[in-house]
Amino acid sequence: MEGARLHLFLVLFFTFSTILPTLMAQNETDTRRELGNKHYGGPCVATNPIDQCWRCHRNWARDRKRLASCSQGFGHNATGGRDGPIYVVTDPSDNNVLDPKPGTLRHAVIQKGPLWIIFQTSMTISLSQELIMQSDKTIDARGANVHIANGAGITIQFVRNIIIHNLHMHNIRKTSGGLIRDSVDHVGFRQMSDGDAITIFGSSTIWIDHLSMSQADDGLIDIIAASNDVTISNCHFTDHGKVLLFGASDTDARDKMMHVTLAYNHFGKRLSQRMPRCRWGFFHIVNNDYTHWLMYAIGGSKGATIISQGNRFIAPPDPNFKEVTHRNDASPEEWKNWTWRSEGDVMMNGAFMIQSGNPDWSRGYHDYQLIKPLPGTEVGRITQFSGSLGCRRKVPC
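Reference entry: report on the structure contained in this document.

What counts, and where the lines are drawn
- Residues numbered from 1 in each chain as written.
- Predicted model: local features only at pLDDT ≥ 70, side-chain atom pairs only at ≥ 80, totals over all residues.
- Heavy atoms only, no water.
- Helix = DSSP H or I, 4+ residues; strand = E, 2+ residues; numbered from the N terminus.
- Buried < 20%, exposed > 50% of the residue type's maximum accessible area, 1.4 Å probe, protein only.
- Lys, Arg positive; Asp, Glu negative; His and termini not counted.
- Salt bridge = Lys/Arg side-chain N within 4 Å of Asp/Glu carboxyl O.
- Polar contact = N/O pair within 3.5 Å; in protein donor to acceptor, adjacent residues only side chain to side chain.
- Contact = heavy atoms within 4.5 Å.
- Pairing = 2+ DSSP bridges.
- Core = buried A, V, L, I, M, F, W, Y, C linked by side-chain atoms within 4.5 Å.
- Phe/Tyr/Trp six-rings, centres within 6.5 Å; stacked < 30°, edge-to-face > 60°.
- Patch = residues over 30% accessible without salt bridge, like charges linked within 9 Å, V, L, I, M, F, W, Y side chains within 5 Å.
- Areas by Shrake-Rupley, 256 points an atom, 1.4 Å probe, with all protein chains shown as cover.
- Axes fitted to C-alpha atoms, helices over the stretch in contact; angles between N-to-C directions.

Some words on the side chain of Lys322
Structurally, Lys322 can be placed in the loop between strand S28 (312–314) and strand S29 (325–327). The side chain of Lys322 is buried and forms no salt bridge, while Asp318, the nearest opposite charge, is found at 7.6 Å. Engagement of the side chain of Lys322 in a polar contact is seen with the backbone oxygen of Pro316, the distance being 2.7 Å. Only 3.0 Å separates the side chain of Lys322 from the backbone oxygen of Asn349, close enough to count as a polar contact. Among residues more than four places away in sequence, those in contact with Lys322 are Trp293, Ala315, Pro316, Pro317, Asn349, Gly350, Ala351 and Phe352.

Next comes the structure, spelled out in structure tokens:
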């Protein structure tokens, strides 16, 4: 009897010891999120260099275009619609993709020339077909609670200089395709959409900031087909399988030109993999918080260069999925030459990353627009206000 009791005690002790780090990490993360942008009641605090450029100014709504000077990383040149007038979206409908109604988001994004697009009031827009944007546009949802949901996503194709800021995007669906107006003077035929929340295709100088994203039929953000100079920052991702895809094809070597910065984002609950999944190009992953994954956090192939700096990785309880990285369809003989480096990352609950390639990688990248990493131990604070912000006019945001 005493032996049986001792055995039971030891089993319970070692089981609890195994799960305790996860419980502690999860409790810390959940507590921080409760103190984040949805529940935080203290004075305005900007916790990373991008937010410090514009947040906490009482009159932000009268100086919206200040945002255009705040991007960092590879998308740092994105100014969106800074040099154009403000367009106010007043109507959430999307009933006519061939002749969009003035005052709708679709009517705004197809205009030629720069526009800074804002929203008169909170609204949910269910896109009947993918929303195809023209160059030099900013979608700025600050001051309203704007959801793109229960319909198609946004397509950024063969254009440049786009800013998308402060949206909620969720429950994005495949749509049938057909004739869709993509500019004031052109209608084109589109095949069925993939169901991505945002697709960046053959486009450059793009900044996506402070989005809350979840649940799409395909990916949350795809960057493909020789797109370049993109920054994704301050976003909050939840409830999705294959999250971010950077480079769609093992045969499309044009993506060697791709440069993407992933900074200050929170990868949250109920995510599986691809945060991101990379091919060919150069990817700087800096000061992100990976609190949940089921399979892996960062994956890649085709010689992608992945530089991970100052991130926090909290591995799942399953001992089979502690490794942060996943090298797709390659033998060690092949991937040993891929430059995948971890510098200043915080590994928790058994998380680990197998590094490869050149440890002195930075010598060849002095001219790159790399965000200087902050300490990985500070990532909880740095990403505290990730996702869509509840900005109100005449109040610091």
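Here we look at the pattern of salt bridges
Evaluation of the coordinates by the stated rule reveals 16 salt bridges. The partner of Glu130 in a salt bridge is Arg190, and the shortest N-O contact between them spans 3.0 Å. One end of the pair, Glu130, is in the loop between strand S3 (123–125) and strand S4 (131–132); the other, Arg190, is in strand S11 (residues 186–190), and 60 residues separate them in sequence. Considered together, Glu130 and Arg190 belong to a single accessibility category, that of buried residues. Each member of the salt-bridge network shares a partner with another, and the members are Arg64, Asp140 and Arg142.

Here we look at the pairing of S11
Across five bridges, the pairing between strand S10 (residues 178–183) and S11 is antiparallel. Opposite Leu179, over in S11, you have Phe189 as the bridge partner. Hairpin connection of S10 to S11: two residues between the antiparallel strands.

Considering the sheet that holds strand S17 (residues 236–238)
Pairing is parallel across the open sheet formed by nine strands, whose spatial order is S3-S6-S9-S14-S17-S21-S25-S28-S31. Here the strands that pair on one side only, and so sit at the sheet edges, are S3 and strand S31 (346–348). Across four bridges, the pairing between strand S9 (residues 168–172) and strand S14 (residues 212–216) is parallel. The residue of S14 that forms the bridge with His170 is Ser214.

So, the nonpolar core
Counting residues in each nonpolar core, the largest one holds 69 residues, and the members touching the most others are Ile198 and Phe237. Other than its neighbours up to four places away in sequence, Phe237 contacts Met213, Leu220, Ile221, Ile232, Val243, Leu244, Asn265, His266, Phe267, Gly268, Lys269 and Leu271. By size, the runner-up hydrophobic cluster in this structure holds 20 residues, among which are Ile50, Val286, Phe385 and Cys391.

Notes on the packing of aromatic side chains
Summed over the entire model, instances satisfying the criterion amount to 13 aromatic pairs. Ring centres 6.4 Å apart and planes at 75 degrees place the aromatic pair Trp293 and Phe313 in the edge-to-face group. Placement of Trp293 in the loop between strand S25 (289–290) and strand S26 (298–301) and of Phe313 in strand S28 is noted, with a sequence separation of 20 residues between them. Comparing Trp293 with Phe313 shows no difference in burial state: the two are buried. Here the aromatic rings of Trp338 and Trp340 are separated by 5.8 Å at their centres, their planes lie at 35 degrees, and the arrangement is tilted. Overall, the relative accessible area of 6% leaves Trp338 in the buried class. In this structure Trp340 comes out as buried when scored by relative accessible area, which is 0%.

Digging into a nonpolar patch on the surface
On the surface, a nonpolar cluster with roughly 380 Å² of combined accessible area is contributed by Leu98, Leu179, Val187 and Phe189. Within the element layout of this structure, Phe189 appears in strand S11. We classify Phe189 as exposed; its relative accessible area is 63%.

Digging into the sheet that holds strand S30 (residues 340–343)
Strand order in the open sheet formed by ten strands is S1-S2-S5-S8-S13-S16-S20-S24-S27-S30, with parallel pairing between adjacent strands. Taken across any chain shown, the strands that pair with only one partner, and hence form the sheet edges, are strand S1 (86–89) and S30. Sheet twist, expressed as the mean angle between neighbouring strand axes with direction ignored, is 10 degrees. Pairing of strand S20 (residues 259–263) with strand S24 (residues 282–286) involves five bridges; the strand directions are parallel. Looking at S24, one finds that Thr261 is bridged to His284.

Section: unusual backbone geometry
Each neighbour pair has its own omega, and for Met275 with Pro276 the value is 10 degrees, a cis peptide bond. Residue placement: Pro276 occurs in the loop between strand S22 (271–273) and strand S23 (277–279). A positive phi is found at Asn150, a non-glycine position, where the angle reads about 60 degrees. Inspection of the secondary structure puts Asn150 in strand S6 (residues 146–151). Its identity is not glycine, yet Trp280 carries a phi of approximately 70 degrees, on the positive side. On the secondary structure map, Trp280 appears in the loop between S23 and S24.

Points about the environment of Leu98
With respect to the helices and strands, the residue Leu98 is situated in the loop between S1 and helix H3 (105–109). By relative accessible area, which is 37% here, Leu98 ends up partly exposed. In this structure the C-alpha to C-alpha distance between Leu98 and Ile306, which are 208 residues apart in sequence, comes to 42 Å. In contact with Leu98, not counting residues within four places along its chain, are Leu179, Ile180, Arg181 and Val187.

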